[in-house]
Amino acid sequence: MTRAVCPGSFDPATHGHLDVIERTSRIVDHVVVAVGTNVSKNALFTPDERVEMLSEECGRWGNVEVTLFGGLLVDFCTANDIDVISKGLRATDFGYELQMAQMNRQLTGVDTLFLPTTPQWAYVSSSLIREVATLGGDVTPFLPEKIAARTIARVASRHAGARNDM
Ligand code: PNS
């Protein structure tokens, strides 16, 4: 039985992420979507919220589970019997993703499978989504419906909080 991990920050998870998770689920027997617990200052959602949202979206595939992970990804792979890391690859990511894949393979021998991002989502990233949403742009085309609604609500509550602080 082949087990893959799809790791990421998923803040928030986009159609591009779900596309990679679904494609991975068709290649391997079991997929673990691992949400990194390193919370950045600009984070929109807590890691637990991201797991909750992703779990709802991934429930439609019978062989996908969602969990948190901290520390080194290779240690997570060893502890969870993961055979392969699966990642979507955009042209802009190539250099850094290659470097991480080679480092991870050097550390424990775990290999990385790169799936070319579907062209429709090639320019979408969570950081751009956060920026567009924060500045009032429409992010609904890039996110699953419920995640889009929560993203818009979270940005609005941040704006309201900022106004109350003035
Ligand atoms: O969605 P992101 O932010 O591109 O995800 C990056 C992530 C979480 C997959 C990456 O930063 C990672 O693997 N972090 C775990 C720490 C680690 O193993 N670092 C060494 C990488 S060679």
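Because the structure is a prediction, the values reported are computed rather than measured. (Residues numbered from 1 in each chain as written. Predicted model: local features only at pLDDT ≥ 70, side-chain atom pairs only at ≥ 80, totals over all residues. Heavy atoms only, no water.)

Section: the packing of aromatic side chains
Alright, step 1. Scanning all chains against the criterion turns up two aromatic pairs.
Alright, step 2. On the numbers, 6.0 Å between centres and 85 degrees between planes, the contact of Tyr 123 with Phe 142 is edge-to-face. Linking Tyr 123 in the loop between strand S5 (111-116) and helix H5 (126-134) with Phe 142 in the loop between H5 and helix H6 (145-165), this pair joins segments that are 19 residues apart in sequence. (Phe/Tyr/Trp six-rings, centres within 6.5 Å; stacked < 30°, edge-to-face > 60°. Helix = DSSP H or I, 4+ residues; strand = E, 2+ residues; numbered from the N terminus.)

Things to note about the site of the ligand
Alright, step 1. Contacts to the ligand come from Pro 7, Gly 8, Ser 9, Phe 69, Gly 71, Leu 72, Leu 73, Lys 87, Met 100, Met 103 and Asn 104.
Alright, step 2. For the ligand, an oxygen atom lies 2.6 Å from a polar atom in the side chain of Ser 9.
Alright, step 3. A total of 550 Å² of accessible area belongs to the ligand in isolation, and the protein chains cover 67% of it.
Alright, step 4. A molecule is said to occupy a pocket when more than half its atoms come within 2 Å of that pocket's grid points, and by this definition the ligand occupies the largest pocket.
Alright, step 5. Counting residues per element, the ones that place at least two in the shell around the ligand are strand S1 (3-8) and helix H4 (94-108).
Alright, step 6. With three residues, the top contributor of residues to the shell around the ligand is H4.
Alright, step 7. Of the residues contributing to the shell around the ligand, the split by class is six nonpolar, four polar and one charged. (Near = heavy atom within 4 Å. Polar contact = N/O pair within 3.5 Å; in protein donor to acceptor, adjacent residues only side chain to side chain. Areas by Shrake-Rupley, 256 points an atom, 1.4 Å probe, with all protein chains shown as cover. 1 Å grid on protein atoms, 1.4 Å probe; cavity = no way out; pocket = protein on both sides within 12 Å on 5 of 7 lines; lining within 4 Å. Sits in = over half its atoms within 2 Å of the grid points. Nonpolar A, V, L, I, M, F, W, Y, C, P; charged D, E, K, R; others polar.)

Points about the sheet that holds S1
Alright, step 1. In spatial order, the strands read S3-S2-S1-S4-S5; together these five strands make up an open sheet with parallel pairing. Looking at the sheet topology across the chains shown, the edges are occupied by strand S3 (64-69) and S5. Neighbouring strand axes in the sheet, compared pairwise and without regard to direction, differ in orientation by 30 degrees on average.
Alright, step 2. The strands that helix H1 (residues 15-27) touches are S1, strand S2 (30-36), S3, strand S4 (84-89) and S5; relative to S5, the one it contacts most, it runs at about 120 degrees.
Alright, step 3. Contacts from helix H2 (residues 47-58) reach S2 and S3, with the element oriented near 175 degrees to S3. (Pairing = 2+ DSSP bridges. Axes fitted to C-alpha atoms, helices over the stretch in contact; angles between N-to-C directions. Contact = heavy atoms within 4.5 Å.)

A word on the nonpolar core
Alright, step 1. In terms of nonpolar packing, the biggest core is built from 30 residues, with Phe 10, Ile 21, Val 33, Leu 54, Cys 58, Val 64 and Val 66 touching the most fellow members.
Alright, step 2. For this core, the secondary structure elements donating two or more residues are S1, H1, S2, H2, S3, H5 and H6.
Alright, step 3. Of all the elements, H2 adds the most residues to this core, at four residues.
Alright, step 4. Val 32, Ala 34, Leu 73 and Cys 77 belong to the second largest nonpolar core, which has eleven residues in total. (Core = buried A, V, L, I, M, F, W, Y, C linked by side-chain atoms within 4.5 Å. Buried < 20%, exposed > 50% of the residue type's maximum accessible area, 1.4 Å probe, protein only.)

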